[in-house]
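Below, each chain spelled out in residue letters.
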Amino acid sequence: MYVNVIGKSHLQFADKVIALLNKNGHNVDVIMGMLNSIVTLKGSYGARNLVVVHFPGGESPWGSIADHLNNPFVENSNWNPFNMGFTKFIETSEQLCDLILDSSEVASLLSSNKYDVALLTGYDFCPFALTHHYNITKVVSYVPTPACHIQNYYGGLPELPLYENMVLDTLHGDRSSFARRVLESLRTFKDRYIHYTAYTSMNEKLRVRFGDDFPDDLNDILNLSKKGNVIFSFGTQIEPDKISKDLQKVFINTFKRL
């Protein structure tokens, strides 16, 4: 299981997932990438083996400017739709990926064990590259948040600027005016450009490490599946008590068939 520790809530979500897996008799090895240096770890979280990858000195370049994490209940008065916080997030993710790929502990863990399935947080390409390199063919990716444009980008889903989850980037309010639509469209183009340039660079790094025949991007890895891929989303965050027992059974029976 790979956990990109973006915030405390991500760690709490992973903790719950690990507990449920252990309860059902599974052995869980966990790799945690500490993208957010503000978060502190406590214990092994029930993992059979836990490998934690920190930034040198323990300070994440992105965590230091993530206003929504440092002051989650304070409106950012300096907000603008073209702020470069997301750029820093991508750059920090790349740096963290380098640290993970350089980690002898990560390499030892993945090379010395056989896994039935990999459970990955889908905020960057790095964990998918790892599972492909170490021949873990069954992969489940999840995000403990509403789908962001990162997941849309990876999944090849339609990307509509006004319907994306931009809770971390925009002020809350009406986005239906013509001026706001233009602004959101320009912001979207900016984000796509960041994705394109950043992941082109990451793909080149991966081919240097793993050889020229390494897949160019996630799309190539997805296309290796003989039976296709399944994308599932609730569309937003749903309170568990709002899901009826009958609907829960529908979800459970559906996933059993996978």
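It should be noted that the structure appears before, not after, this text.
Conventions and cut-offs
- Residues numbered from 1 in each chain as written.
- Predicted model: local features only at pLDDT ≥ 70, side-chain atom pairs only at ≥ 80, totals over all residues.
- Heavy atoms only, no water.
- Disulfide = S-S within 2.5 Å.
- Helix = DSSP H or I, 4+ residues; strand = E, 2+ residues; numbered from the N terminus.
- Buried < 20%, exposed > 50% of the residue type's maximum accessible area, 1.4 Å probe, protein only.
- Salt bridge = Lys/Arg side-chain N within 4 Å of Asp/Glu carboxyl O.
- Pairing = 2+ DSSP bridges.
- Right-handed = clockwise from strand over helix to strand, strands pointing away.

**As for the state of the cysteines**
Here a disulfide denotes a covalent bond joining the sulfur atom of one cysteine to the sulfur atom of another.
Link 1 in the chain: Within the structure shown, the criterion is met by one disulfide.
Link 2 in the chain: With its sulfur 2.2 Å from that of its partner, C97 forms a disulfide with C126. Across the S-S bond of C97 and C126 the torsion is about 85°, and the bridge reads as right-handed. Of this pair, C97 sits in helix α3 (residues 85–102) while C126 sits in helix α5 (residues 126–133), placing them 29 residues apart in sequence. For the pair C97 and C126, a shared accessibility class is recorded, and that class is buried.

**Concerning the pattern of salt bridges**
Two side chains of opposite charge can pair, provided their charged atoms sit close to one another.
Link 1 in the chain: Per the stated rule, a full pass over the model turns up five salt bridges.
Link 2 in the chain: The salt bridge partner of R48 is D29, with a shortest N-O separation of 2.8 Å. With a gap of 19 residues between them, R48 in the loop between β2 (29–33) and β3 (49–53) and D29 in strand β2 connect regions that are remote in the sequence.
Link 3 in the chain: Judged by its relative accessible area of 44%, R48 falls in the partly exposed class.
Link 4 in the chain: With relative accessibility at 4%, the residue D29 sits in the buried group.
Link 5 in the chain: What you see here is one network of salt bridges that share partners, running through E94, D98, D102, K205 and R209.

**Let's talk about unusual backbone geometry**
Link 1 in the chain: Although it is not a glycine, Y45 sits at a positive phi angle of roughly 60°.
Link 2 in the chain: Residue placement: Y45 occurs in the loop between β2 and β3.
Link 3 in the chain: A residue is classified by how much of its surface remains accessible, and Y45, at 15% relative accessible area, is buried.
Link 4 in the chain: The phi dihedral of N135 is positive, around 60°, even though this residue is not glycine.
Link 5 in the chain: The topology assignment puts N135 in the loop between α5 and β5 (139–142).
Link 6 in the chain: You can call N135 exposed: its relative accessible area is 64%.

**Quick word on the pairing of β5**
Link 1 in the chain: Looking at chain direction, strand β4 (residues 118–121) and β5 are connected through four bridges and run parallel. In the strand pairing of β5, L120 is matched with S141.
Link 2 in the chain: In this region the chain leaves β4, passes through α5 and returns to the parallel neighbour β5; the handedness of that crossover is right-handed.

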